[in-house]
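Topology and contacts: notes
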Amino acid sequence: MAEKKYSLKAFLFLHKILLVETWNKIYFQRKASNSHTSQSQFNKYSFLANGLEILSNETLMFHMEEALLKSSSVFPYFLLVAFEAGGPLRALILFLLYPIICLVGKEWGLKIMVFVCFVGLKEESFCVGRTVLPKFFLEDVGTEGFDMVMKCGGTKIGVTDMPRVMVDCFLKDYLRVEAVVGRELKVVCGHFIGLMEEMESSAFQLELKEILGEERMDSSVIGISCFNNSFDQQLFSCCEVLYMVSEADKKNWQALPRAKYPRPLIFHDGRLAFRPTPVATLFMFMWIPFGIFLLFARATVFFLLPYKFSMPVLCFTGLKGTLLSSFPNRADDEQKQGGVLYVCNHRTLLDPIYISMCLVQPLTAVTYSLSRVTELFAPIKTVRLTRNREKDSKMIKKQLKQGDLVICPEGTTCREPCLLRFSPLFAEITDEIVPVAIDFQVSMFYGTTASGYKFLDPVFLLMNPTSHFFTRILEKLPKSFTCQGGGKSKFEVANHVQAQIAKALNFECTSLTRKDKYMFLAGNEGIV
C-alpha cells in the first residue's frame, strides 16, 4: 500500500514538471511554425552574440537591466537619484532601508526605492536621468550585450523595470534606441508622489502599435530578457522568438570600452565619483565625519603654511601629486617687464593653487566664474573677468605688469579626458605664455558641479579620502607661435596651446564651449 502511495506521488510530481515545461515552451515560442527551434536558443545568449545574423532587419526588444547591464541590481542607480536629487539625508534613509528592500522581493523593493527617491521632487527640475545616470549606465554596460543590441538593423525597443524618467535619455541619446518602454511616475501639482503607473497588457499593445505601426506589428519581434516578474511576461509575450540571459553568462562579460560608446561622454554632473553599491555607500557614510575633519585640516594647511612646507603635509593627508616641469628661463624673464602667463586646462577650482605650490611662488588667478564664497576664502589672489573683451584685456595686461598670472581659457571644468575650446583672449595679450597640463583624480566626491551649489565645491573636493593631481609645466611658447612675435592669429595660438596640453595628457581636443556644457547640464549659460 505504501509503495502504491509513493508511486502515485512520483507520478503526480513528474506530471507537474511536464506541464510546466510544456507551458514554458508554448509561452516562449508563440507561433507553431517556429517549433523546430531548439530550446538552447532561448537559454544560450552567447550563441546570439557570437555572430548570428538573425537581427539584421528584425525588430529587437531587450530588457535593459538583464540584457545590457553587467549588474542586475538597480539599487546603486536609485541611490544616485536619492543623493543627487534629494540630498545626503534621503540617500541615508534609502541605505538604511536596504535590508528591508532585499527581504520584501523585487517588485515591492522597487516600489519602496521609487517612493523614497522621488516623493516630493519637482518634475520640472528633475535632471539626474540626463546629467548623472548615463555615466554610470555606460560604465556598467557589458560589451557582449552591447554588441548584440547594436547588431539589430531594425527598430530597437528598450524595456526597463525602473521608472522611464531614469533611463529614457541614456537609451535614446547614448545608445540610439528608438523607443523606451517603462512605467511612468505619478505627478500631482508638478511634484512626484513616489508612485508608478501600472501598465496593463492592453496599454502596452497600444504603445507597441504606435512604435511599430500596424504593418510591422505582424512581423517577427525578437526579445532578449530574463523573466523575473509578471511585468516582463506581459511585455515580451508579443515576441516570436525569445532569448534568455543567465547570471552565469553576465559574470563573464567585459566592460564596454570608451572607444565603443555610440556617443562620446563628455559632460556629466553630480557629486559621487564612485558606483554607490551597498558596501561602498556604507563606507561613504562612515567616512563623512572623518572627511569633515580632514576638510578643516587641509584648509588650515593651505592658508597658514608656506608652500614649501604645505606640500609634504598635504601629501601625508592623502592629497598626492606628480610634477613634471620644463621651467621657462627665468634669467631671460628678469630682463623683461611684466610677468609670465601660465595657461592651463581646467579640472578643479584648485588648479591655480596647485600651480602656485608647484612653482613655489604666489600667482594671481584669472577666473571666468567663481562663487563669491569661494573667492572670499581663496588662499591666492583672484581676478574675475567681466566677459567684456576690451575690459578684460586691459585688466589682464595691468595684472601682468604686477606679476605672473594663471588663466584657464576653457572657462569651466571638464571631468572627462577632453579639452573644451580655448578662448583666444590670452593669445593677443602677451607672448610670454607657458602651457600647463593638469589632471586631477578623486576617489569619492567630485569637486565641481554645474547645477548644484558651487560654494560647496571646495568642501567636497577636500573631503576626498585620497586625491591625485598630475601637473606638467611645458616649455614656454616659442616666439614663432605667438601673435606679436610670430604673426600668428589669436585662434592659431589658442588651438596650438590646446593641442600641446592635450598631447601631454593624452586627452582629446573638442570645439565645445562653456555655454555648451551649462546648456546641457543646467539649462543656462553658466553665468555666476
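Read on for a plain summary of the structure. Note that this is a predicted model, so its numbers are computed, not measured.

Moving on, we get to the sheet that holds strand S2 (residues 156–159). With respect to topology, five strands assemble into an open sheet ordered S3-S2-S1-S6-S7, the strand pairing being parallel. Looking at strand neighbours, the two that pair on one side only are strand S3 (179–181) and strand S7 (241–244), the edges of this open sheet. Averaged over all pairs of adjacent strands, the angle between their axes in this sheet comes to 20°, without regard to strand direction. As paired elements, strand S6 (residues 221–225) and S7 share four bridges and run parallel to each other.

This next bit is on the packing of helix H6 (residues 88–96) against helix H8 (residues 106–118). Their axes nearest at 9 Å, the elements H6 and H8 cross at an angle of 165°. Here H8 runs roughly antiparallel to H6, going by the angle between their axes. By crossing handedness, the relation of H6 to H8 is classed as right-handed. In this structure, H6 contributes Arg90, Ile93 and Leu94 to the contact, and H8 contributes Met113, Val116, Cys117 and Phe118. Partitioning the contact of H6 with H8 into residue classes produces six nonpolar, no polar and one charged.

With that settled, consider helix H5 (residues 75–86). In a regular helix each residue adds 1.5 Å, so twelve residues correspond to 16 Å; H5 covers 15 Å between its end C-alpha atoms and thus fits that length. Most of H5 sits out of view: nine of its twelve residues are buried. Among all positions of H5, only Phe75, Pro76, Tyr77, Phe78, Leu79, Leu80, Val81, Ala82 and Phe83 are buried. Just beyond H5, the residue with positive phi is Gly87, at close to 105°.

With that out of the way, let us pick up the packing of aromatic side chains. Inspection of the entire model under this criterion finds 13 aromatic pairs. Between Phe118 and Phe192, the ring centres sit 5.6 Å apart and the planes meet at 85°, which makes this aromatic pair edge-to-face. Pair noted here: Phe118 is in helix H8 and Phe192 is in strand S5 (residues 191–196), with a separation of 74 residues, a long-range link. Each member of the aromatic cluster is reached from another via a ring pair, and the members are Phe302, Tyr354, Phe440 and Phe469. Its guanidinium or amino end placed over the ring of Trp108, Lys111 lies 4.8 Å from that ring's centre, counting from NZ or CZ.

Thresholds applied
- Within any chain, residue numbers begin from 1 and follow the written order of that chain's sequence.
- Local features in a predicted model are, by the rule used here, given only for residues with pLDDT of at least 70; side-chain atom pairs are given and counted only at 80 or more, and totals for whole chains, interfaces and linings are based on all residues.
- Only hydrogens and water are removed before side-chain values are computed, so all heavy atoms of the structure are retained for them.
- Strand pairing requires that DSSP identify at least two bridges connecting the strands.
- Numbering goes from the N terminus for both helices and strands, where a helix is a DSSP run of H or I of at least four residues and a strand is a run of E of at least two.
- A fitted line through C-alpha atoms represents every axis, and for helices the fit uses only the stretch in contact; the resulting angles, taken between N-to-C directions, go from 0 to 180 degrees.
- When an angle is under 35 degrees it counts as roughly parallel; over 145 it counts as roughly antiparallel; between 65 and 115 it counts as roughly perpendicular; any other value is oblique.
- Crossing handedness: left-handed means the near helix sits turned counterclockwise from the far one by under a right angle, and right-handed means the same turn made clockwise.
- The contact criterion used throughout is that any non-hydrogen atoms of two residues lie within 4.5 Å.
- Think of it as three bins: nonpolar holds Ala, Val, Leu, Ile, Met, Phe, Trp, Tyr, Cys and Pro, charged holds Asp, Glu, Lys and Arg, and polar takes everything else, Gly as well.
- Here a helix's expected span is defined as the number of its residues, less one, multiplied by 1.5 Å.
- Between buried and exposed lies partly exposed: a residue is buried under 20% and exposed over 50% of the maximum accessible area for its type, with that area taken using a 1.4 Å probe on protein chains only.
- Any pair of Phe, Tyr and Trp rings, taking the six-membered ring for Trp, is counted once the centres come within 6.5 Å. Such a pair is stacked with planes under 30 degrees apart, edge-to-face with planes over 60 apart, and tilted for the rest.
- In our convention, an over-ring charge means Lys NZ or Arg CZ found within 6 Å of a ring centre and within 35 degrees of that ring's normal.

Fair warning: the whole summary comes from geometry, so function is off the table for now.
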